[in-house]
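# Breakdown of the fold
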Amino acid sequence: MKTTIFYIPKMDCPEEEGLIREKLRSISSIETLQFNFMQKEVTISHQAKDLPLIQEALKALQMGAELKSESYATKEIRLLELH
């Protein structure tokens, strides 16, 4: 799973959030969307292969979306000691 943060300068209210949610609805690999109106950011958890689709969808909204950062989620692995 990949986490990508986009800066969206024209996003400042729930109406723009709704537009973004609707535009991204068709991308099935998106697991979560988190919106921060103060920072004008949307954080998206998704499959890495779909980043180009996400970028195209956000660009089509003409809200000035810019890729801010990307990271890969890591699963915490615990080693259990057998006694």
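This section reports on the structure supplied with the text.

## A few points about the sheet that holds strand β2 (residues 32-36)
Across a sheet, strands are paired by hydrogen bonds formed along the backbone, either parallel or antiparallel in direction. What the four strands build is an open sheet, ordered β2-β3-β1-β4; its pairing is antiparallel. In this open sheet, the two edge strands, each paired with only one partner strand, are β2 and β4 (66-72). In this sheet, adjacent strand axes meet at a mean angle of 15 degrees when their direction is disregarded. Strand direction decides the pairing type here: strand β1 (residues 2-7) and strand β3 (residues 41-46), joined by six bridges, are antiparallel. Note on β3: the bridge partner recorded for T3 is S45. Against the sheet, helix α1 (residues 14-24) engages β2 and β3, with an angle of about 160 degrees to β2. Running at roughly 20 degrees to β1, helix α2 (residues 51-60) makes contact with β1, β3 and β4 of the sheet.

## A look at the environment of T32
Residue position: T32 is located in strand β2. A relative accessible area of 32% means that T32 is categorised as partly exposed. C-alpha separation for the pair T32 and T3, spaced 29 residues apart in sequence, amounts to 9.2 Å. Apart from the residues within four sequence positions on either side, T32 is in contact with T43, I44 and S45.

The rules behind these values
- Residues numbered from 1 in each chain as written.
- Predicted model: local features only at pLDDT ≥ 70, side-chain atom pairs only at ≥ 80, totals over all residues.
- Heavy atoms only, no water.
- Pairing = 2+ DSSP bridges.
- Helix = DSSP H or I, 4+ residues; strand = E, 2+ residues; numbered from the N terminus.
- Axes fitted to C-alpha atoms, helices over the stretch in contact; angles between N-to-C directions.
- Contact = heavy atoms within 4.5 Å.
- Buried < 20%, exposed > 50% of the residue type's maximum accessible area, 1.4 Å probe, protein only.

Structural measurements only, silent on function.
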